[in-house]
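So you can see what is in the structure, the chains are spelled out below.
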Amino acid sequence: MKKYLLSRKVGRKKWAGFLLIIFLAIVLFIRYSSVGKSSSSSVGESPQKQSAYEFFNNNNNEGSNDVVDENVKLPESKSIVELVTFKEKPRLIDVEGLNDLYSLSCNFSKEESKALLVWDKMRLLLSRSDGLNGTAQGVKEAALAWNDLLSFIEKRKATESFEKENEDCPYSVNEFNATTSRDGSNLRIPCGLVEDSSITVIGIPDAKQESFQIELVGTKLPEELKPPIVLNYNVILPGENLTKEPVITQNTWTDELGWSKVEICPHHGSTDMNKVDGLVKCNAKIFRNNVEEIANATSPSSPKSADVSNSSAYGTSNYPFLEGNPFTATLWAGIEGFHMTVNGRHETSFAYREKLEPWLVSGVNVIGGLDIISVLAKGLPVSNDLDLGFDVEDLKAPPTPKKRLVMLIGVFSTGNNFERRMALRRTWMQYEAVRSGEVAVRFFIGLDKNRQVNFELWKEAQAYGDVQLLPFVDYYSLLTLKTIAICIMGVKILPAKYVMKTDDDAFVRIDQVLSSLKGKDPNGLLYGGISFESAPHREKDNKWYISAELFKLEDVAVGIWVEEFRRKGNKVQYVDDDRFHNAGCDSDYILAHYQTPRMVLCLWEKLQKEHEPNCCE
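First, a word on scope: everything that follows refers to the structure included in this document. The structure displayed is predicted, hence computed values, not measured ones.

## With respect to the pairing of strand E19 (residues 370-378)
Each regular strand displays side chains that alternate between the two surfaces of the sheet.
Here is step 1 of the chain: Two elements, strand E5 (residues 173-176) and E19, share four bridges in a ladder whose sense is antiparallel. Across the sheet, Val173 pairs through a bridge with Ala377, a residue of E19.

Here it is in C-alpha cells:
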C-alpha cells in the first residue's frame, strides 16, 4: 500500500519557533493520538485510522512529483511530495516504566491534579508500536524521575517542612584554587544549564602532562555505569619542547552508544563549513609560520592575525593553550550548540547532539594536566521564590469559562526555563483576552532528570495553574508529542475555536492575532509563520538531524498532518503572515521570536508606553 504525502522540508531549530493556529484540522491529531477502544487488534482492523508510522517512517524521495490543487491557494514555491510506504499496522506494545507513570499516585487533590490533565490522556499514544523514535527511553527515564519526585513530595507533606533547602537553583556556583586529581575536580550544577549559561575556567596548563579535559556531565541513571557526557572538551598540549601537534577534540559519550563522532580542531582539509549559531566550528586565524612564535601567541605584542580557509601545519596556529601560560576559557550555551572562548577570542563551537542538551548538565569535571585557579558557572536557571508572595495572585491563570474558549495557546517550555515563563506571565499573558478567560495560555513541559528541577516545576504549576506536565523526559526529539498534547487539550479538555502553538522565547501580540483572525473563514485554517522551503539537517550527530525515514521535528509533522487532512477532501487554508518574525524582532511584528526574558519585558514596556510595536534592539 502506498500513499503520497506533502511535506515541508524543514531543518534548523529556528523553524520550530514558527507559530501556528490550527482549526478543524485538529481532528487529524486526535486520530493520531487515539488507538482504539479496547485492544491492539482494533487498531489494525480500522482502515480509517491514521497512524504515526504512516507519517514518520519509510519516506522515499523517489517518485517525487509536484502537486497543485486548484481548490487550495499555495505560495509560489514548489511543494515537495514524498512517497510513503506502510510496512505494518500499529499495535500496542509494552513500554518499560509506562505503568509506573500511571499507577504511582501521591493522593493529589483536585487542584493539584490540574497540572496532569493531558498526562492522563496520553497513555495509549505512548504505547503505540509506531511511535516516535526515543519515546521508550523518554518514558523509562520519566518513570524514574516521577517516582523520585512523588516520594519527595510525600516526604515534604508528611513533615510539613517547606523551608528552603540547600538544593535551591542558584544563579551561580564556583570553586577556587582546586587541584585536579586523577578523577578530576568536580563542580555541581544544581538545576542544569539554559541558553546563555556559561562556565568559566581559569587555569595554568601543566607541562608534566600531555592534556586536560573539561567535561559537562549529565545525571546518571541507576543502571548506568557512569553518567552521560554532554560534552568532552579535550585539549592536547604541544609538550615541553613543542614537539607534539596541539589539537582540541570535542565529543559526547553515553552508556548506550559509547563515544560518538569526534570533532577535531584544527581539522586540516575539513569540508564541514556548517556554522553553529552563526559561528565557525574552528577558529581559522593563524599567525607567523615560525614554531617558536607559538609561545608568544597570547602576548599583546603578537603580530596581527589574518583569516585563512585552512592551516597545513600545527606550527602556524595561534594555539590558545600553552604550558605554564594562564588562560581564561569560557564555555557558553547558545541556541544551537556550545561555544568556547579563550582569552576573549572565539575558538570552537559544537552543535548539540541528540538527547544531550544543556538542561541535562548536572556537573562540570576538569581532568588532567591543569592547575585550576577558579571554575565559575553563572547564568544558571533560578527558580521562583514563591515565599515572597509579591504578585503571584495577579499572575495566576484565570478561571476558564464553561463555554468554548476563543483560543488556546500552547507554549513549548522545558523544566528549568523558570525565568522565561515568568517573563511571559508578566507581559503578553497580561492581555485582557487572557485575563478575562477568553484566551487560555498553558506551558507544556516534560519531566527533567533532575529531582530539584521537577520539584521546583511542580511548585510553580501549583502556584500559577498554567503548567501541564507530560509523561516523558523533555528531549527535543519528542517535541511532536507536545504538539499532540496541545491539540488534545484544545479539543478534549479546554475546547477552543482556535489552537495555537509557540515557544517560551517568543513575544506574542495576542490582540493583533485575534484581530487578524476576524473576517477569515475559521474552517480548516492554518495561519501564522509557515515555511514552505528550507533544508533538513542530514548530519547524524546533529540535534536537528532528519533522516529520509524519520520526520521527528514537530513542525514537519504538522505540515504532513495538515496536508493529509486536505488530501482526504477537507478544506485547508494556508495563510502565511510575514509579521510573524521567526529570527528576531522587526517593527510591526505580531510575533517576535528568540527574545530573552529581558527583551520580552522591554517589548511589553514599549507597547504600554509608546503604543507601537517597536523592537528593543
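There is more to say after this.
## Notes on the environment of Asn186
Here is step 1 of the chain: In this structure, Asn186 sits in strand E6 (residues 185-188).
Here is step 2 of the chain: Judged by relative accessible area, which is 45%, Asn186 ranks as partly exposed.
Here is step 3 of the chain: For the pair Asn186 and Val364, spaced 178 residues apart in sequence, the C-alpha to C-alpha distance is 5.7 Å.
Here is step 4 of the chain: Apart from residues lying up to four places away in sequence, Asn186 is in contact with Glu175, Val364 and Asn365.

## Thoughts on the packing of helix H8 (residues 418-426) against helix H10 (residues 451-464)
Here is step 1 of the chain: At a closest axis distance of 12 Å, the pairing of H8 and H10 adopts a crossing angle of 15°. Comparing their axes, H10 and H8 come out roughly parallel. Crossing geometry of H8 relative to H10 is assigned as left-handed. Along the contact surface, H8 presents Phe418, Arg421, Met422 and Arg425, while H10 presents Val453, Glu456, Leu457, Glu460 and Tyr464.
Here is step 2 of the chain: Partitioned by chemical class, the residues of the contact of H8 with H10 number five nonpolar, no polar and four charged.

## Considering the sheet that holds strand E15 (residues 327-333)
Here is step 1 of the chain: On the basis of which strands lie adjacent, the open sheet formed by six strands has the order E5-E19-E7-E15-E16-E17 and antiparallel pairing. The sheet terminates laterally at E5 and strand E17 (345-351), the two strands that pair on one side only. Sheet twist, expressed as the average angle between the axes of neighbouring strands with direction ignored, equals 15°.
Here is step 2 of the chain: In the sheet, strand E7 (residues 198-205) pairs with E19 via eight bridges, with the strands oriented antiparallel. Bridged to Ile202 within E19 is Ser374.

## Side note on the side chain of Asn450
Here is step 1 of the chain: Relative to the helices and strands, Asn450 resides in the loop between strand E21 (439-447) and H10.
Here is step 2 of the chain: The exposure class of Asn450 is buried, given its relative accessible area of 13%.
Here is step 3 of the chain: At 3.2 Å, the side chain of Asn450 forms a polar contact with the backbone nitrogen of Val453.
Here is step 4 of the chain: Beyond its immediate stretch of four places on either side in the chain, Asn450 contacts Pro190 and Cys191.

What counts, and where the lines are drawn
- Residues numbered from 1 in each chain as written.
- Predicted model: local features only at pLDDT ≥ 70, side-chain atom pairs only at ≥ 80, totals over all residues.
- Heavy atoms only, no water.
- Pairing = 2+ DSSP bridges.
- Helix = DSSP H or I, 4+ residues; strand = E, 2+ residues; numbered from the N terminus.
- Buried < 20%, exposed > 50% of the residue type's maximum accessible area, 1.4 Å probe, protein only.
- Contact = heavy atoms within 4.5 Å.
- Axes fitted to C-alpha atoms, helices over the stretch in contact; angles between N-to-C directions.
- Parallel < 35°, antiparallel > 145°, perpendicular 65-115°, else oblique.
- Left-handed = near helix turned anticlockwise from the far one by under 90°.
- Nonpolar A, V, L, I, M, F, W, Y, C, P; charged D, E, K, R; others polar.
- Polar contact = N/O pair within 3.5 Å; in protein donor to acceptor, adjacent residues only side chain to side chain.

These figures capture arrangement, not role.
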